[in-house]
Amino acid sequence: AKVDLERYWAHLRNSALAGDKHVITELALTSKTKHPVHIELQSQKYTSPTGVTVYRTAMTDVTERNQLTAEQVRLHSLEKLMRKKAEHAIETLKQERNLREAFVHTLTHDLRNPLAAIRLSAELQLKQTCDLARSKERAEKIVKGANRVDRMIGDLLDANSIHTGRSLPLTAKECNLSLLVSEVSKEFSAANGERFSIVVRSDLIGFWNEGLLRRLLENLLVNALKYGSPTAPITISAEKTDGSVILTVHNEGGEISPMEQETIFGLYKRTKSARSSEAKGWGIGLTLVRGIAVAHGGTVRVESERGKGTSFITTLPLDSRPKERKQLN
């Protein structure tokens, strides 16, 4: 405090020499109780009747005032933080609303296609019943369209179940993953051409839910076809390691940013490039992939880099029956 006062007197002396009439400064002192005390010093230039120029100094304890100011600053900072959080919450709600609107639009569009096929086939069937071959063909279209609608509804229900934290029901039986990959790739090749490169061992046998694994692989292949290079091959590989099997679907094309990699498995989440592309999607496929992997006691992750393409890597235990038993308990 003594040093601070000496600096003040030096400052006051210099101000007097410069002709300043009013000098205000503030000192921070420490009281005997070790609490900080703030003193404001106001020095006013004064000329006495005898012609002597002096400075009258008044000292004021402004500790309480400063504390109020500090509290006001704290409240202002808190108000700014709360306002920022509120703005973020509003923006999140807007984004969710936009996602829901886009999802409903896509869903209704996708459901109309198979429903239209069902309706048309049924109307033709009612008009013509004499041609058995044509009748069978129309009946098959009706069944195919109905199954497609059923799968869409099932995917939506399962994705919402996963989003709320519930695990997909699992019935694990002996399954040949090598054979499953071969069957699914042939089905996709029939519709998309010979674009699939298979690198899978022939003895990948474990205890999984074959139906769920088929949906997992189908969703990953659809994703690769939609958003990967339209001409480069899509590679499906699988290998066994330390009690697990690693299934990888790789496609060439644009990379997924690190920030989007953290959210891509969320419900209704689509990357910026996916939203701007012509490919339509619900944003639930990768949610299902993650849910299916977790239901088996496994994991899924994405690796994506410019010039190297994108890989979705699913790791599953060779035996998922313990996970099934845990669900039953």
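Counting restarts for each chain: residues are numbered from 1 in the order of the written sequence. Thresholds applied to this predicted model are a pLDDT of at least 70 for local features of residues and 80 or more for the giving and counting of side-chain atom pairs; totals over whole chains, interfaces and linings are not thresholded and use all residues. Excluded from the side-chain calculation are hydrogens and water; included are all heavy atoms of the structure.

A. Structural view of the packing of helix α4 (residues 177-192) against helix α5 (residues 210-227). Between α4 and α5, whose axes approach to 10 Å, the crossing angle comes to 40°. Here α4 lies oblique to α5, going by the angle between them. For α4 against α5, the interelement crossing comes out right-handed. On the side of α4, the interface is formed by L177, L180, V181, E183, V184, E187, F188 and N192, while α5 contributes E210, L213, R214, L217, E218, L221, V222 and L225. Classifying every residue of the contact of α4 with α5 gives 10 nonpolar, 1 polar and 5 charged. In this analysis an axis means a line fitted to C-alpha atoms, helices contributing only their contacting stretch, and an angle means the value between N-to-C directions, from 0 to 180 degrees. Counting from the N terminus, the helices are the DSSP runs of H or I reaching at least four residues and the strands are the DSSP runs of E reaching at least two. Orientation is classified from the angle alone, with under 35 degrees giving roughly parallel, over 145 giving roughly antiparallel, 65 to 115 giving roughly perpendicular, and any other angle giving oblique. Here is the rule for handedness: rotate from the far helix to the near one, and if that takes an anticlockwise turn smaller than a right angle the crossing is left-handed, while a clockwise turn gives right-handed. In what follows, residue pairs with any heavy atoms lying within 4.5 Å of each other are defined as contacts. We call Asp, Glu, Lys and Arg charged. Ala, Val, Leu, Ile, Met, Phe, Trp, Tyr, Cys and Pro are nonpolar, and the rest, Gly among them, are polar.

B. Summary view of the pattern of salt bridges. By salt bridge we mean one thing: a side-chain nitrogen of Lys or Arg within 4 Å of a carboxyl oxygen of Asp or Glu. Tallied over the entire structure, the rule returns 7 salt bridges. Here E183 makes a salt bridge to R214, at a shortest N to O gap of 3.0 Å. Linking E183 in helix α4 with R214 in helix α5, this pair joins segments that are 31 residues apart in sequence. Using a 1.4 Å probe on the protein chains alone, a residue whose accessible area is under 20% of its type maximum counts as buried, one over 50% counts as exposed, and one in between counts as partly exposed. The class of E183 is partly exposed, set by a relative accessible area of 31%. Owing to a relative accessible area of 19%, R214 belongs among the buried residues under this scheme. In this structure, R214 engages E187 in a salt bridge whose closest nitrogen and oxygen atoms are separated by 3.3 Å. Here R214 is found in helix α5, whereas its partner E187 is found in helix α4, with 27 residues between them in sequence.

C. Structural view of α5. Given the number of residues in a helix, its expected span is that number minus one, multiplied by 1.5 Å. The end-to-end C-alpha distance of α5 is 26 Å, a good match for the 26 Å that 18 residues give at a rise of 1.5 Å each. Among the residues making up α5, those that are buried are L212, L213, R214, L216, L217, N219, L220, L221, N223, A224 and L225. The definition of a polar contact used here is a pair of N or O atoms within 3.5 Å, where within protein one atom must be able to donate a hydrogen and the other to accept one, and adjacent residues in sequence count solely through side-chain atom pairs. Regarding α5, its N-cap is N209, as a side-chain oxygen of that residue lies 3.1 Å from the backbone nitrogen of G211 further along.

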